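Listed below, chain by chain, are the residues.
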Amino acid sequence: MRLLVFVLNRVECLDELLAELAESGIQGGTILNSTGMATELSHSDEYDSIFGSLRAFLDPDRAENRTILIVLKEEQVEGAMRIIRRVVGDLSQPDTGVAFTLPIDFTEGISH
């Protein structure tokens, strides 16, 4: 089993993404409101000059992201990533998102 962690920058895509994942049989994820490091540092007086301008350059209007955590069977990972790429776009492009998986060696409370 794998834990798919997806930080979604394009939060306007969340509903469509979740609907497509559910249609493909992928359900039971957890969604967390999250904020990037540059955004947080831009609010600090100590880092204001450096990170304030960086945040303005990257995306001044986006205050937060959504971090999606989904436990998947190994064979579901590529299908989930295809859906993410189709809905959100090419993750190598700026301001789309970041995805990675981690191995899971124990679960309890998850229906298989």
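The structure reproduced in this document is the subject of the present report.

Cut-offs used in this document
Residues numbered from 1 in each chain as written. Predicted model: local features only at pLDDT ≥ 70, side-chain atom pairs only at ≥ 80, totals over all residues. Heavy atoms only, no water. Helix = DSSP H or I, 4+ residues; strand = E, 2+ residues; numbered from the N terminus. Buried < 20%, exposed > 50% of the residue type's maximum accessible area, 1.4 Å probe, protein only. Areas by Shrake-Rupley, 256 points an atom, 1.4 Å probe, with all protein chains shown as cover. Salt bridge = Lys/Arg side-chain N within 4 Å of Asp/Glu carboxyl O. Contact = heavy atoms within 4.5 Å. Pairing = 2+ DSSP bridges. Axes fitted to C-alpha atoms, helices over the stretch in contact; angles between N-to-C directions. Patch = residues over 30% accessible without salt bridge, like charges linked within 9 Å, V, L, I, M, F, W, Y side chains within 5 Å.

**Some remarks on the overall build of the protein chain**
Scanning the protein chain from terminus to terminus reveals four helices and four strands. Along the protein chain, from the amino end to the carboxyl end, the secondary structure elements read β-α-β-α-α-β-α-β. Counting the 112 residues in the protein chain, one finds 29% classified as buried. Accessible surface for the protein chain amounts to roughly 7,200 Å². Of this, 52% is attributable to carbon and sulfur atoms.

**Comments concerning the pattern of salt bridges**
Under the criterion given, the structure shown has four salt bridges. Between Glu20 and Arg86 there is a salt bridge, with the nearest N and O atoms lying 2.7 Å from each other. On the criterion of sequence distance, the pair formed by Glu20 in helix 1 (residues 14–23) and Arg86 in helix 4 (residues 77–88) is long-range, its members being 66 residues apart.

**Some points on the environment of Cys13**
Of note, Cys13 is situated in the loop between strand 1 (2–8) and helix 1. What Cys13 contacts, discounting residues up to four positions off in sequence, is Leu8, Val87 and Val88.

**A look at the sheet that holds strand 3 (residues 65–72)**
Taken in spatial order, the four strands line up as 2-3-1-4 in an open sheet, and their pairing is antiparallel. Taken across any chain shown, the strands that pair with only one partner, and hence form the sheet edges, are strand 2 (30–34) and strand 4 (97–103). Direction aside, the axes of adjacent strands within the sheet are offset by 20° on average. Strand direction decides the pairing type here: strand 1 and strand 3, joined by seven bridges, are antiparallel. Across the sheet, the residue bridging to Leu3 is Val71, located in strand 3. Helix 1 rests against strand 1, strand 2 and strand 3 of the sheet, and its axis sits at about 10° to strand 3. Sheet strands touched by helix 4: strand 1, strand 3 and strand 4. Its angle to strand 1, the strand with the most contacts, is close to 10°.

**Re a nonpolar patch on the surface**
On the surface, Val98, Phe100 and Leu102 cluster together into a nonpolar patch covering about 260 Å² of accessible area. Mapped onto the secondary structure, Phe100 falls in strand 4. For Phe100, a relative accessible area of 40% puts it in the partly exposed group.

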